[in-house]
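This is what each chain is made of:
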Amino acid sequence: MTTSTDYTPEVMNVMTDELDESGIAPGGPGGRKRKRRSRRPSEPSGDRGILSPSDWRKPGIRWGTRATHLVLLLLLIVLGLGPLLWLAKSAITPTQDTLRTPMALFPNGVDWANLSTAWSTVHIDVQFMNTIWVALGSWIMQIVVATTAGYALSVLRPKYGKVIYGLILGTLFVPSVVLLVPLYLTILNPPLLGQSLINTFWAVWLPAGASAFNVVLIKRFFDNLPREVFEAARTDGAGPFRLFWSIVLPMSKPILGVVSVFAIIAAWKDYLWPLLVLRDPAIQPLSVRLPTLQAAIQLDVYLAALAISTLIPIVLFLVFQGLFLRSAGLGGAVKG
């Protein structure tokens, strides 16, 4: 006895979905395979934009859009890398060529002696190492203060944490110029030490650690971390320090990389504060010493010194560029 089966539209939709996913009809192994529709290379990947898929199929619109993208990319490359490339070219170009034909490409050859003269004769090597020490100490102070403060406010959550966080946010509205004189007087006669910190790297390192922006940035990142991981760690017997060192910090690599780049770049280009507290030329960084040397050395040697001073920021960008593009940093603590 045979019976006929009437399929409702809902059942037909389910069967169609199964056919699309497996390529085999749901009737059994003998079902006929259905050919999948291949997407054209010119069509977008499903993301909506100004142009619809039907517009992308038109050759005029497709090639016109790609040409516009190429022109914009080249324009960004020229505007972004143009000054750096010109500085690199001028660093090994004689002064007369730079003044007469600044946009020409080595009209009278390359002068590699500019780099060695700037490094040894002008003693840029001393200021270069001073800048590294200033940037390294400022980075350590900012990372330590920002991570511990953000961890206390976000994870430990003390009783008056909201009040403290509000005070930290309030300092962001105070201009840094207003704090310049009180901060200088504090460094000149620091409490409890009885000795001035002028002409010491501590005069730059300690104020750099008091960055409310970094504390707020890291605290907001810690707020988005999964609390289930913290509860599981506490259940396993992890204390506050173990939780901070083994759980929170490995989960926070992206934000630590961003803060590190901000801290080092800010210390590398800071001019006013090191000029006030580092009066001895022997310990001054490049940002302070180079403007002083500009009138005493030739232009080609000065441009070579400027090119040397840009090496560390460029290296930092190449090393940490992936952290700016990474959206999540939970791989260090959450295992799949």
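Starting from 1, residues in each chain are numbered consecutively following that chain's sequence as written. Only residues with pLDDT of 70 or above have their local features reported here, since the model is predicted, and side-chain atom pairs are shown and tallied only from 80 upward, although totals for entire chains, interfaces and linings are computed over all residues. Water and hydrogen atoms were dropped before computing side-chain values, which therefore reflect all heavy atoms in the structure.

Looking at this model, I keep getting lost on the overall build of the chain. Mind explaining?
A tally of regular secondary structure across the chain gives 17 helices and zero strands. Only protein chains enter the accessibility calculation, which uses a 1.4 Å probe; a residue whose area is less than 20% of its type maximum is buried, one above 50% is exposed, and one in between is partly exposed. Within the chain, buried positions represent 32% of all 336 residues. Taking the intrachain contacts of the chain between residues at least 6 apart in sequence as the baseline, contacts between residues at least 24 apart amount to 65%. A run of DSSP states H or I qualifies as a helix once it reaches four residues; a run of E qualifies as a strand once it reaches two. Both are numbered from the N-terminal end. The contact criterion used is simple: two residues touch if any of their non-hydrogen atoms lie within 4.5 Å.

Looking at this structure, I do not really get the nonpolar core. What am I missing?
A general tendency of soluble globular proteins is for nonpolar side chains to be buried together. Core analysis: the largest hydrophobic core is formed by 25 residues, its most contacted members being Tyr151, Ile218, Phe230, Leu243, Ile247 and Val248. Those elements giving two or more residues to this core turn out to be α6 (124-156), α7 (161-171), α10 (212-223), α11 (227-235), α12 (240-251) and α13 (253-269). Sort the elements by how many residues they give to this core and α12 lands first, with six residues. Think of a nonpolar core as a cluster: buried Ala, Val, Leu, Ile, Met, Phe, Trp, Tyr and Cys residues, connected wherever their side-chain atoms sit within 4.5 Å. Within the second largest apolar cluster, 21 residues are counted, among which are Ala91, Ile124, Phe128 and Ala307.

So what exactly am I meant to see when it comes to a nonpolar patch on the surface here?
Residues form patches when they are more than 30% accessible in relative terms and have no salt bridge. Like charges link within 9 Å. Nonpolar side chains (Val, Leu, Ile, Met, Phe, Trp, Tyr) link within 5 Å. The accessible surface values rely on the Shrake-Rupley method and a 1.4 Å probe; as for residues, cover is taken only from the protein chains in view. One side-chain nitrogen of Lys or Arg within 4 Å of one carboxyl oxygen of Asp or Glu is enough to make a salt bridge. A cluster of nonpolar residues, Leu70, Leu73, Leu74, Ile77, Leu81, Leu84, Leu85, Ile314, Phe317 and Leu318, forms a patch on the protein surface that exposes about 940 Å² of accessible area. For Ile77, the location among the structural elements is in helix α3 (residues 59-91).

Help me understand the packing of α7 against α10, please; the structure alone is not making it clear to me.
Two packed helices can be described by the angle between their axes and the distance between those axes. Between α7 and α10, whose axes approach to 9 Å, the crossing angle comes to 130 degrees. Put simply, α7 runs oblique to α10. Pair α7 / α10 crosses with left-handed handedness. Each of Tyr165, Ile168, Leu169 and Thr171 in α7 lies in contact with α10, whose residues at this interface are Ala212, Val215, Val216, Lys219 and Arg220. The class makeup of the residues in the contact of α7 with α10 is six nonpolar, one polar and two charged. Angular values range over 0 to 180 degrees, each being the angle between N-to-C directions of two axes fitted as lines to C-alpha atoms, with helices fitted over their stretch in contact. Working rule for angles: under 35 degrees goes down as roughly parallel, over 145 as roughly antiparallel, 65 to 115 as roughly perpendicular, anything else as oblique. In this scheme the crossing of two helices becomes right-handed for a clockwise turn of the near helix relative to the far one and left-handed for an anticlockwise turn of less than a right angle. In this count, Pro and Cys sit with the nonpolar residues alongside Ala, Val, Leu, Ile, Met, Phe, Trp and Tyr, while Asp, Glu, Lys and Arg are called charged and the others, Gly among them, polar.

Before we go on, may I ask you to explain the side chain of Thr131 in this structure?
Mapped onto the elements, Thr131 comes out in helix α6. Relative accessible area serves as the criterion here: at 0%, Thr131 is assigned to the buried category. When residues no more than four places from it in sequence are discounted, the contact partners of Thr131 are Trp268, Pro285 and Leu286.

Sorry if this is basic, but what is going on with the environment of Ala233 here?
Mapping Ala233 onto the fold places it in helix α11. Residue Ala233 is classed as buried on the basis of its relative accessible area of 9%. Ala233 sits 14 residues away from Ile247 along the chain, and the two C-alpha atoms are 8.0 Å apart. Among all residues touching Ala233, those that are not within four sequence positions of it are Ala238, Leu243 and Ile247.

Could you clarify how one ought to interpret the packing of aromatic side chains in this entry?
Pairing of aromatic side chains here covers Phe, Tyr and the six-membered ring of Trp, requires ring centres within 6.5 Å, and sorts the geometry by plane angle: under 30 degrees stacked, over 60 edge-to-face, intermediate tilted. Overall, the coordinates contain six aromatic pairs when judged by the stated rule. Three or more aromatic residues joined by ring pairs form one cluster here, namely Trp119, Phe128 and Trp268. A positively charged side chain is recorded as over a ring if its NZ (Lys) or CZ (Arg) lies within 6 Å of the ring centre. The angle to the ring normal must also be within 35 degrees. Above the ring of Trp63, the side-chain terminus of Arg66 is found at 5.2 Å from the ring centroid. Seen from the ring of Tyr165, Lys219 lies directly overhead, with NZ or CZ sitting 4.3 Å from the centre.

What is the right way to look at α10 in this model?
Side chains three or four residues apart in an α-helix point the same way, a direct result of the helix having 3.6 residues per turn. For a helix, the expected span equals 1.5 Å multiplied by the residue count minus one. Taking 1.5 Å of rise per residue, the 12 residues of α10 would be expected to cover 16 Å, and the 16 Å separating its terminal C-alpha atoms lies within 8% of that figure. Buried within α10 we find Ala212, Asn214, Val215, Val216, Ile218, Lys219 and Phe222. Where α10 is buried, its residues touch α6, α7, α11, α12 and α13.

Whenever I open this one, α12 confuses me. Can you help?
Taking 1.5 Å of rise per residue, the 12 residues of α12 would be expected to cover 16 Å, and the 15 Å separating its terminal C-alpha atoms lies within 8% of that figure. Along α12, the residues that are buried comprise Leu243, Phe244, Ile247, Val248, Leu249, Pro250 and Met251.

Just checking my understanding: could you explain the pattern of salt bridges for this structure?
Side-chain pairing between opposite charges can occur once the charged atoms of the two side chains come close. The full count for this structure, using the stated rule, is four salt bridges. Here Asp223 and Lys219 are joined by a salt bridge, their closest N and O atoms 3.1 Å apart. Taken together, the residues Asp223 and Lys219, both in helix α10 and four residues apart, mark about one turn of the helix. Lys219 gets classed as buried once you look at its relative accessible area, which sits at 13%.

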